[in-house]
Amino acid sequence: TLLSFVLSAALLQHPPLHQTYRFDLSIGHKTADDMALARRSSNLLKPLSTASSSSFLNRRPFSTDDSTTITVETSVPFTGHNCEPPSRSIDTTPKELMTFFTDMALMRRMEIAADSLYKSKLIRGFCHLYDGQEAVSIGMEAAITKKDCIITAYRDHCIFLGRGGTLLESFSELMGRQAGCSRGKGGSMHFYKKDACFFGGHGIVGAQVPLGCGLAFAQKYRKEDHVTFTMYGDGAANQGQLFEALNMAALWDLPAILVCENNHYGMGTAEWRAAKSPAYYKRGDYVPGLKVDGMDAFAVKQACKFAKEHALKNGPIILEMDTYRYHGHSMSDPGSTYRTRDEISGVRQERDPIERIRKLILAHDIATEKELKDIEKLARKEVDEAIAKAKESPMPDDPELFTNVYRKGFGVESFGTDRKEVRATLP
Amino acid sequence: MYNCHRSDRSIDFSHQLLLPASYPHSVFAIIVNHNSFFFLFYPVFQGEKMWGILSQKLGAARGLSSQVVGNYVLRLRLAPSAMPMRHYSSATKEMTVRDALNSALDEEMAADPNVFVMGEEVGEYQGAYKITKGLLDKYGPERVVDTPITEAGFAGIGVGSAYHGLRPVIEFMTFNFSMQAIDHIINSAAKSNYMSAGQINVPIVFRGPNGPAAGVGAQHSQCYGAWYGSVPGLKVLVPYSSEDARGLLKAAIRDPDPVVFLENELLYGETFPISAEALDSSFCLPIGKAKIEREGKDITITAFSKMVGYALKAAEILEKEGINAEVINLRSIRPLDRATINASVRKTNRLVTVEEGFPQHGVGAEICATVVEDSFGYLDAPVERIAGADVPTPYAANLERMAFPQIEDIVRAAKRACYRSVPMAASA
């Protein structure tokens, strides 16, 4: 039973659970700069422990073993361009397998719940869902630290979660509430978590790639031993600014890893209709590339580990993650006008990332079917509780319209729609 | 009070004090000690215009407010006439705008290792307009970065590095090319602090020459003050003199928000007197404060960048005709110093706005609207706008001359606002 599961976990030698146990849905201080925010919505904020492991659910007390090594093979070998691909054998532990499963189940649940929230009009505007692509976020986080930077486009909810964001911050932001990670002022496409080096959350297709190369530039400038993963889709892969940035990254040996999440459709346009050469891992020309099965979290992990080592020594590398999104491009796209339902269900059956991990766990006897189902139920419960709490969070107060226009406003005046009616002094 | 956090001398550089600004005027000051008495030597020579730097402490020492002392010294001024620039060379320093910008960059790079310069030809070529001359030798290629001709790419890289805490100074060879990178300036830089609710600020400066040069044609002559000035989240600065250039560039580099710094190619080589204060490495000017270059009581003329010089010359011509013009050097398009402009219009009751940019939705339009909203009752005449012609810039010299404001345009508009012009003939 779940209870025994939990109890047995408590009995094992585990790092002490933080006070915020798994049912705690509070959000942490976003940055030191946001102390004012903390004061403003204090009843919703509690300090979060500094996450030491890559899993945002590290406080979960699963009875998993950290020392037994299990060797798994990736579904397909890697294909390299201008580089020797890494081995397809990867070592892992039961704990990591369980963590992958749990985290992906939570991400999947979050995205499904966001779908219903959007349909009940609690989420407005844009909502781009990541279900199907969870392995990319999870595998990447397993290979890197929170000092390595990640920047992505608008399909960012799960990346945010992977970086340590909480469900409450996510749902609140989606619904435009104060407890949101951007205090309700950003929305679905503008999640940020600077203290975990997650730089958004960008709405302009392709713009995040030069920005990511800029993050890498700063890391090199400061002689840090960290890298930047700058993520984009197959649609953005044809953007000119990507090649401009890649050229400079290669010229200056920046530790930039360009990750193309190729879900094969740029909005409604299939890759073969948009790109003369859809081999995105080869598009860097002189820049090495690796093609990775993006539905296999271990392949992603191995590739990211390989890429990080490469980038620190030799400059940029492109990773093409062959992945798939079950939803349409966004909530206003049914996702079935440009692809068949058979294709979608086929991928779900053959390549689903969570199913893959489930099979591995069962095959290695790390947990039972029931236990895994219970974890999924727990994820659902967590998500429901987070949504309930997020719904309680108020919308931003009216003066928030004028906050954060500048970091330093010099007391300058700003205006509402009717300037004789509404004026504000920017702090 | 301003963002000169490194200065340990607080000197009030509000427009009420006198600062040597345009080059016909000269400065003579003796500093007794840093605790300050600045003695003003009233010239024996007739017609010599004298300016001085007043320290607040001078006024305080004599029990006068700086405003009173400032006004006192103002009244000592004589009417300008054609006269030699300098009789007293010992304490007067001069500097070209180019050197002012170069020295400001140099000092800020020396003071903060996070500041770096990036752009086309900024390094080995010593700068397309030599603004970054000598910096590569001094700071090395890691801090003075030559880029390929890819504005969207390197502007984005600059903004990304600013996300991570560096303080880039991105040079556009001219702001015409900034249009290739404008998405990064606006969507990636200006809006980030707001969208992230304060998590991600972007301490970046985008600088370069703006507006027309001489005969460079339509694609190389546009003024972007109005475009960038309309974007919340940006600060837009427009220096005129060397002191402006130094003070505003330093303020921009130290500012935690994205700043668009619009220079002018034709001003780079112009020399201006510069005070000892301005030469100090901790000097900076406040962002969002205009400067009254010339006080007057009959009409207000607002201008920025090169047009300040034109406005001052127009003011001299108007003076001969008995119109005493007040010239405001905007210094900052965003934030716009509405308080100074309105106070001036309330004093003079007439306004001419001058700019080189396209007239529709221009800076002058915003100034006119703001004056009409806040000081309508004080206006004795409609606001006059002098702007670039509503055409792409032609190449032929005579047409180009017609495309941009000339001194006579400013004079004519001022006279119109004073109801001293011949009425326009009715159109046939």
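This write-up is about the structure you can find in this document. (Residues numbered from 1 in each chain as written. Chains lettered and ligands numbered in written order. Predicted model: local features only at pLDDT ≥ 70, side-chain atom pairs only at ≥ 80, totals over all residues. Heavy atoms only, no water.)

## Things to note about the pairing of strand 6 (residues 115-119) of chain B
All names here are of chain B.
No. 1: Counting buried positions along strand 6 yields five of five residues, so the element is predominantly enclosed.
No. 2: By the alternation rule, side chains of strand 6 split into V115, V117 and G119 and F116 and M118, which are all buried.
No. 3: Two strands pair when backbone bridges link them, and strand 6 and strand 8 (residues 167-171) are joined in this way by five bridges, in the parallel orientation. Looking across to strand 8, one finds that G119 is bridged to E171.
No. 4: As paired elements, strand 6 and strand 7 (residues 144-146) share three bridges and run parallel to each other. Looking at the pairing, M118 lines up with V145 of strand 7. (Buried < 20%, exposed > 50% of the residue type's maximum accessible area, 1.4 Å probe, protein only. Helix = DSSP H or I, 4+ residues; strand = E, 2+ residues; numbered from the N terminus. Pairing = 2+ DSSP bridges.)

## Focus: helix 12 (residues 353-363) of chain A
Owing to its 3.6 residues per turn, the α-helix aligns residues three or four sequence positions apart on the same side.
All names here are of chain A.
No. 1: Buried residues of helix 12: P353, I354, I357, R358, L360 and I361, and no others. Axial view of helix 12: buried residues confined to an arc of 165°, hence all on one face. Seen from the buried face of helix 12, the exposed residues on the opposite side, beyond 90 degrees, are K359 and A363.
No. 2: Against the buried residues of helix 12 lie strand 1 (70-73), helix 3 (94-119), helix 4 (134-143), helix 10 (297-314), helix 11 (341-351) and helix 13 (369-392).
No. 3: With a side-chain oxygen positioned 3.0 Å from the backbone nitrogen of I354, the residue opening helix 12 is D352. (Arc of directions from axis to C-beta. Contact = heavy atoms within 4.5 Å. Polar contact = N/O pair within 3.5 Å; in protein donor to acceptor, adjacent residues only side chain to side chain.)

## Things to note about the packing of helix 3 (residues 97-111) of chain B against helix 9 (residues 242-254) of chain B
Residues and elements named next belong to chain B.
No. 1: The contact between helix 3 and helix 9 brings their axes to 8 Å, and the two run at 30°. Taken together, the axes of helix 3 and helix 9 are roughly parallel relative to one another. For the pair helix 3 and helix 9, the sense of crossing is right-handed. Of helix 9, the residues touching helix 3 (which contributes V97, A100, L101, S103, A104, L105, E107 and E108) are S242, A245, R246, L249, K250, I253 and R254.
No. 2: For the contact of helix 3 with helix 9, the per-class residue count stands at eight nonpolar, two polar and five charged. (Axes fitted to C-alpha atoms, helices over the stretch in contact; angles between N-to-C directions. Parallel < 35°, antiparallel > 145°, perpendicular 65-115°, else oblique. Left-handed = near helix turned anticlockwise from the far one by under 90°. Nonpolar A, V, L, I, M, F, W, Y, C, P; charged D, E, K, R; others polar.)

## Details of the nonpolar core
No. 1: Judged by nonpolar contacts, the single largest core of 77 residues is most densely connected at F217, Y232 and L258 of chain A together with M118, Y163, F206 and V260 of chain B.
No. 2: Broken down by element, this core gets its largest block of residues, eight residues, from helix 7 (residues 208-221) of chain A.
No. 3: Those residues in contact with M118 of chain B, other than ones at most four positions away along the chain, are F217 and W252 of chain A together with V145, T147, F154, I157, V169, I170 and E171 of chain B.
No. 4: The next biggest cluster of nonpolar side chains, apart from the first, holds 75 residues, and it includes F100, M107, F306 and M331 of chain A. (Core = buried A, V, L, I, M, F, W, Y, C linked by side-chain atoms within 4.5 Å.)

## Some thoughts on the packing of aromatic side chains
No. 1: This structure, assessed with the given rule, holds 18 aromatic pairs over all chains.
No. 2: Here F160 of chain A and F198 of chain A contribute two aromatic rings whose centre-to-centre distance is 6.4 Å and whose plane-to-plane angle is 45°, an arrangement assigned as tilted. Within this pair, whereas F160 of chain A is found in helix 5 (residues 157-162), its partner F198 of chain A is found in the loop between helix 6 (167-174) and helix 7, the two being separated by 38 residues in sequence. For the pair F160 of chain A and F198 of chain A, one class covers both residues: buried.
No. 3: Across the ring face of Y194 of chain B, the terminal group of K185 of chain A is positioned such that the distance to the ring centre comes to 4.2 Å. (Phe/Tyr/Trp six-rings, centres within 6.5 Å; stacked < 30°, edge-to-face > 60°. Lys NZ or Arg CZ within 6 Å of the ring centre and 35° of its normal.)

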